[in-house]
Every structure is written in C-alpha cells, then in structure tokens.
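# Structural description and commentary
If you want the building blocks of each chain, they are given just below.
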Amino acid sequence: MNIPHIPVLYNETLEAFINIDTGYIIDCTTGFAGHSSGLLSSNQNVKLICNDQDDEALEFSKNRLAPFENRVIFNKGNFEHVIDTFKDYEIRGVLADIGVSSLQLDKLERGFGFDSLTLDMRMNQNQALDAATVVNTYSTSELERVFKECGEVREYKKVASLIVNNRPFSSAKEISELLLKKMSKGKIHPATLPFQGIRIEVNDELGVLERLFDSLENAKFKNCIVAIISFHSLEDRIVKNYFKKWTKSCICPEGVFRCECGNNHALGKIITKKPIIPTALEIKQNPRSRSSKLRIFKFD
C-alpha cells in the first residue's frame, strides 16, 4: 500500500500512550492513519476510535487498518463532536493532530496549495462556506479581521485591500501570484499567512479546537492521556491555556481574600512542561513537521 504521508512526531506520540493497556484511544484526526496504525501496533490490548471529517481520509484509513478491523471504530465528523459521541466508552487516550493533512495540501483540486486552480480549502467538502466565498464576498473589514486574527499577517490591511481591489478570484494560484508580486519577500512565501487565515476562517479551526477542549473538560475522563499536536501559535496558545486551566486547584475569582471553592478542582497534570518539537533529522526528512509542537496532559 502506498502511504502518501509521514506522521509528525511519530515516535514521541506513540511514547505518550505507551502505558495504556486497556480501553479506547480516540484519534480525533485520523487522516492517513499514520499515528493510528502505530498506536494499534504498540498497544495491542487497546481499541481505537478513528475520527475524521474527510471521506477520502476515512476510506484510505479503513483499507490501511484492515488488519486491525476488530479493534477499530470509524466515525465521520468534525472532531469537536467526537468526545460527546463516545463519552460513555472507556476512553483512556485522546490524540488530536490538528494540522492540515497532506491529503488536503497535496491535492491541488482541494484548493489549499499556492498552485491550486480552485479556491476551496474546506476540510469537510459538504459544508457551505469555502475560500471563494471568503475571498470574493467578505468586506474589507472582515478580511482585515481574518488576516490579522487568523493569519497573524503583519500587513493585514494591505493584503485585504489587494484582495478587494483585484477580485473576483477563481483560484488559489491567482491570489498567491498577486501576493508574490505585490507583497514584500521574506523567508516564507508571502501567501503563507494569508492562506492560513483564509483556511482557519473557512473551517472555524480555532473555534472547533476550543469546543474540543470544552467537551474534554465536561467528559470528566479518568486516567486519560490527552496529546495535542499543533502547528502554529494560535493553536498552541489555546492548548497551553486549557492545560494550565485544568491544573488549577482553586477556581475562586481573583481578589478573594480566602479560598471558598474547596481548592480541589485540578483535573490532572501537565506531562510536558515544554512542548516536544521535531528533531533536526525529522525536519530534514519531513519539512512540514518544522512548526509542530506536541503537548501532553493527563486527567487523574
């Protein structure tokens, strides 16, 4: 079987779950099943819930994981819903690799790449909002918000103005060529961060991630490892803030003279005081891993 994807931080991710010997692990973003296949091989008494919202990814994963079929449940859906769907199972681990999959990046017809002749960027191709709608119908102020808050684009006003003054666009390639021509050159392609902003807006990626964490908090899993792989600072900040929140024992409002909450609200502990990042060798072998960060939390 041709495996068109290298999972990032592969060994480090498997190590996070190595002591789990019963129950289920949820792979929130199965993709090409790179991490999933490793987890099933390494944890031979564990079952997996493989979730993805992409039909093509699920079909590929079903074929790849056929040798483990009696230990796998496949579920189609956005990962913000997967915890609620399986909250009554014995969940001992949760993995979310929240970057865009290689399947989506490499297929030009999906509209994520600089050379794509389409303008889509939907992870779930059944949803209505796509990149063409964002680019061609959002107001200047809405685009400024997208590029500033979702793309962390320094010259967000200029990018928004360029988009509005040159639309309509029918392809990602048209936009990337415009930005390459009009924006200052740096270490990365000038369309990188604007494309990030559009993609995050289209898929509500930050909102989805926050709702995943809210569902984890409400599920009250016991003795459960949560491992999150993020790829940019906006995602990583959300992960850090939730993990920090979950370690707080006292949840009284600031300024309260004496604790009145019982001081027993910590949900667990952070396993990784600093994020695990790829080695130089991994980055050389898989340049897309460069910005990845793995953070791990354990629910008591």
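Because the structure is predicted, anything quoted here is derived from the model rather than measured.

## So, the sheet that holds strand β7 (residues 293–299)
- Read from one edge to the other, the open sheet built from 7 strands follows the order β3-β2-β1-β4-β5-β7-β6, with strand pairing classed as mixed. Every interior strand has two partners, whereas the edge strands, β3 (72–76) and β6 (268–270), have only one. Neighbouring strand axes in the sheet, compared pairwise and without regard to direction, differ in orientation by 15° on average.
- Its contacts with the sheet place helix α3 (residues 55–64) against β2 (47–52) and β3, and it is angled at close to 170° to β3.

## Describing the packing of helix α7 (residues 140–150) against helix α10 (residues 192–203)
- Closest axis-to-axis distance for the α7/α10 pair is 8 Å, and the angle between their directions is 105°. Looking at the two axes, α7 sits roughly perpendicular to α10. Contact residues: α7 offers Arg 145, Val 146, Phe 147 and Cys 150, while α10 offers Pro 194, Gln 196, Gly 197, Ile 198, Ile 200 and Glu 201.
- Of the residues assigned to the contact of α7 with α10, the class counts are 6 nonpolar, 2 polar and 2 charged.

## Quick look at α7
- Inspection of α7 places Leu 143, Glu 144, Val 146, Phe 147 and Cys 150 among the buried residues, and these make up the whole buried set.
- Tucked into the core, α7 has its buried residues touching α6 (131–137), α8 (156–166), α10 and α12 (233–246).
- Positioned one or two residues after α7, Glu 152 has a phi angle of 50°, which is positive.

## Examining the pattern of salt bridges
- Counted according to the given criterion, the structure contains 11 salt bridges.
- One salt bridge connects Arg 295 with Asp 236, and the closest N-O pair in it is separated by 2.6 Å. One end of the pair, Arg 295, is in strand β7; the other, Asp 236, is in helix α12, with 59 residues separating them in the sequence.
- Shared partners join several salt bridges into a network, and the residues in it are Glu 80, Asp 204 and Arg 211.

## Points about the packing of aromatic side chains
- For the coordinates displayed, the defined rule picks out 13 aromatic pairs.
- Here the aromatic rings of Tyr 242 and Trp 246 are separated by 6.1 Å at their centres, their planes lie at 70°, and the arrangement is edge-to-face. Taken together, the residues span about one helical turn, with Tyr 242 and Trp 246 both in helix α12 at a distance of 4 residues.
- Residue class for Tyr 242 comes out buried when judged on its relative accessible area of 13%.
- Measuring from centroid to centroid gives 5.8 Å for Phe 243 and Trp 246, while their planes differ by 35°, and the two rings are tilted.

## Digging into the UniProt feature "binding site: S-adenosyl-L-methionine" (unreviewed entry) in the chain
- Following the UniProt record, the feature "binding site: S-adenosyl-L-methionine" (unreviewed entry) maps to Ala 33, Gly 34, His 35, Asp 52, Phe 79, Asp 97 and Gln 104 here.
- In this structure Gly 34 comes out as buried when scored by relative accessible area, which is 5%.
- Mapped onto the elements of the fold, Gln 104 is located in helix α5 (residues 102–106).
- Filtering out sequence-adjacent residues up to four positions away, Gln 104 remains in contact with Asp 54, Arg 110, Phe 112 and Met 123.

## Here we look at the nonpolar core
- Counting 32 residues, the largest nonpolar core has Phe 213 and Leu 216 as the members making the most contacts within it.
- Listed by contribution, the elements that provide at least two residues to this core are β1 (24–27), α4 (82–85), β4 (91–97), α11 (205–219), β5 (224–230), α12 and β7.
- Residues contacting Phe 213, with those up to four places away along its chain left out, are Ile 228, Ile 238, Val 239, Tyr 242, Phe 243 and Trp 246.
- One finds Val 134, Leu 162, Ile 163 and Ala 172 within the second-largest nonpolar core, a separate group that totals 28 residues.

## Regarding the environment of Leu 281
- Here Leu 281 is to be found in helix α13 (residues 280–285).
- Along the sequence, Leu 281 and Ile 188 sit 93 residues apart, while their C-alpha atoms lie 21 Å from each other.

## Some details on the layout of surface pockets
- Considering only enclosed or pocket space, the second largest pocket measures out at about 270 Å³ in volume.
- Val 153, Glu 155, Ser 184, Pro 190 and Leu 193 are the residues nearest the centre of the second largest pocket, which is lined by 14 residues in total.
- Tallied by class, the residues present in the lining of the second largest pocket amount to 7 nonpolar, 3 polar and 4 charged.

## Some words on the state of the cysteines
- Enumeration according to the criterion identifies 0 disulfides in this entry.
- Cys 224 forms no disulfide, and the closest cysteine sulfur to it belongs to Cys 28, at a distance of 9.9 Å.
- Just so you know, Cys 259 is unpaired, no disulfide at all, and the nearest cysteine sulfur is the one on Cys 261, 3.6 Å from it.
- On the accessibility criterion, Cys 259 (37% relative accessible area) is partly exposed.

Definitions and limits used
- Along each chain, the written sequence defines residue order, and numbers are assigned to residues from 1.
- At least 70 in pLDDT is required for a residue's local features to be given in this predicted model, at least 80 for side-chain atom pairs to be given and counted, and no such filter applies to totals for whole chains, interfaces and linings, which use all residues.
- Computation of side-chain values covers all heavy atoms of the structure but excludes hydrogens and water.
- Should DSSP find at least two bridges between two strands, the strands are taken to pair.
- Helix and strand assignments follow DSSP, with helices taken as H or I runs no shorter than four residues and strands as E runs no shorter than two, numbered in order from the N terminus.
- In this analysis an axis means a line fitted to C-alpha atoms, helices contributing only their contacting stretch, and an angle means the value between N-to-C directions, from 0 to 180 degrees.
- Any two residues having at least one pair of non-hydrogen atoms within 4.5 Å are treated as being in contact.
- By the definition adopted for this analysis, an angle is roughly parallel if under 35 degrees, roughly antiparallel if over 145, roughly perpendicular if from 65 to 115, and oblique otherwise.
- Residues are grouped as follows: Ala, Val, Leu, Ile, Met, Phe, Trp, Tyr, Cys and Pro are nonpolar; Asp, Glu, Lys and Arg are charged; every other residue, Gly included, is polar.
- Relative accessible area decides the class of each residue, using a 1.4 Å probe on protein chains only: under 20% of the type maximum gives buried, over 50% gives exposed, and in between gives partly exposed.
- Throughout this description, the term salt bridge denotes a Lys or Arg side-chain nitrogen within 4 Å of a carboxyl oxygen of Asp or Glu.
- Side-chain rings of Phe, Tyr and Trp (the six-membered ring for Trp) are treated as a pair once their centres are within 6.5 Å; stacked means planes under 30 degrees apart, edge-to-face means over 60, and tilted covers the remaining angles.
- UniProt positions are given in the numbering used here, feature names are shortened, and annotations may be inferred rather than shown by experiment.
- Here, the term nonpolar core denotes a set of buried Ala, Val, Leu, Ile, Met, Phe, Trp, Tyr and Cys residues that are joined through side-chain atoms within 4.5 Å.
- A cavity here means a set of points on a 1 Å grid, drawn over the protein atoms and nothing else, where a 1.4 Å probe fits but cannot get out; a pocket is an open set with protein on both sides within 12 Å along at least five of seven lines, and a residue lines either one if it has an atom within 4 Å of a point.
- Grid points are joined across faces, edges and corners, and a volume is the space filled by probe spheres set on the points.
- Counting rule for disulfides: a pair of cysteine sulfur atoms within 2.5 Å.

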